[in-house]
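Residues per chain are reported as follows:
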Amino acid sequence: MGSSPIDQRPPDIDGARTVGQLVADASREMSTLVRSEVELAKAEVTGGLKVAGKGAGLLAAGGFVALLGLIFLLHTLAQVLDIWLPASAAYAIVTLMLFLVAAILALLGKKSVSSARPKPERAIEEANKTVAALKSSL
């Protein structure tokens, strides 16, 4: 960064810095502080989203394999019910059971998604501390 004319001015006679120099320094330091707070917030959100993305991918893969197993299990169940009931009734019972499980899983999934909110908590806390410190110094 280039120096402004205020920065190049010599201190007052008693060796103290001028008001203009102090204001310029405070402004520059405040700008640096705000930028570092924004960077902290971005780092926290990015880290949280990376972990959530990896977890979502693993859950999707596990869900797909479980779905394949479930298809075979439900077909087997329908075949077992076919021993006592007509095939159409056996498959109807299995289908209704699937819809019930799907509804329960959808409700649980909706609850889980609505509670997951990546939030830069440390950055917010640090920003609040900074604001409090600035207010107390004025």
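Residues numbered from 1 in each chain as written. Predicted model: local features only at pLDDT ≥ 70, side-chain atom pairs only at ≥ 80, totals over all residues. Heavy atoms only, no water.

Draft legend 1. Broad picture of the overall build of the protein. The helix and strand inventory of the protein stands at four helices and zero strands. Along the protein, helices (α) and strands (β) appear in the sequence α-α-α-α when read from the amino end. Across the protein, contacts joining residues at least 24 apart in sequence account for 43% of those joining residues at least 6 apart. (Helix = DSSP H or I, 4+ residues; strand = E, 2+ residues; numbered from the N terminus. Contact = heavy atoms within 4.5 Å.)

Draft legend 2. Structural view of the side chain of Asp25. Here Asp25 shows up in helix 2 (residues 19-81). The exposure class assigned to Asp25 is buried, which follows from its relative accessible area of 13%. For Asp25, the side chain forms a polar contact with the side chain of Arg28, separated by 2.3 Å. (Buried < 20%, exposed > 50% of the residue type's maximum accessible area, 1.4 Å probe, protein only. Polar contact = N/O pair within 3.5 Å; in protein donor to acceptor, adjacent residues only side chain to side chain.)

Draft legend 3. Inspection of the pattern of salt bridges at higher detail. Per the counting criterion, the structure on display carries three salt bridges. A salt bridge links Lys129 to Glu125, with the nearest nitrogen and oxygen atoms 3.4 Å apart. A residue pair is termed a helical-turn pair when its members lie 3 or 4 positions apart in one helix, as Lys129 and Glu125 do in helix 4 (residues 121-137) at four residues. Assessed through its relative accessible area of 47%, Lys129 is described here as partly exposed. Classification of Glu125 by relative accessible area gives partly exposed; the value is 44%. Among the salt bridges present, the one from Glu126 reaches Lys129, with a minimum N-O distance of 3.8 Å. With a gap of three residues between them, Glu126 and Lys129 both fall in helix 4, about one helical turn apart. Members of the salt-bridge network, linked through shared partners, are Glu125, Glu126 and Lys129. (Salt bridge = Lys/Arg side-chain N within 4 Å of Asp/Glu carboxyl O.)

Draft legend 4. Quick look at the packing of helix 2 against helix 3 (residues 87-115). Where helix 2 meets helix 3, the axes come as close as 8 Å, and the angle between the chain directions of the two elements is 140°. Regarding the angle of helix 2 to helix 3, the classification is oblique. In this structure, helix 2 crosses over helix 3, and the sense of that crossing is right-handed. Counting all contacts with helix 2, which are made through Leu70, Leu74, His75, Leu77, Ala78, Gln79 and Leu81, the residues of helix 3 involved are Ala90, Tyr91, Ile93, Val94, Met97 and Leu98. (Axes fitted to C-alpha atoms, helices over the stretch in contact; angles between N-to-C directions. Parallel < 35°, antiparallel > 145°, perpendicular 65-115°, else oblique. Left-handed = near helix turned anticlockwise from the far one by under 90°.)

Draft legend 5. Fine view of the environment of Gln79. Within the element layout of this structure, Gln79 appears in helix 2. Between the alpha carbons of Gln79 and Tyr91 there is a distance of 8.3 Å; along the sequence they are twelve residues apart.

Draft legend 6. View of the nonpolar core. Membership of the largest hydrophobic core is limited to five residues, which are Leu74, Ala78, Leu81, Ala90 and Val94. Looking at this core, the elements that each hand over two or more residues are helix 2 and helix 3. Broken down by element, the residue count for this core peaks at three residues, all from helix 2. Sequence-distant contacts of Ala78, defined by excluding residues within four places in its chain, comprise Ala90, Tyr91 and Val94. (Core = buried A, V, L, I, M, F, W, Y, C linked by side-chain atoms within 4.5 Å.)

Draft legend 7. Quick look at the confidence of the model for the protein. Summarising the model, the protein shows a mean pLDDT of 80, and 87% of its residues fall at 70 or more. Element-level mean pLDDT values for the protein span from 53 in helix 1 (residues 5-8) up to 88 in helix 3. (pLDDT = per-residue confidence, 0-100.)

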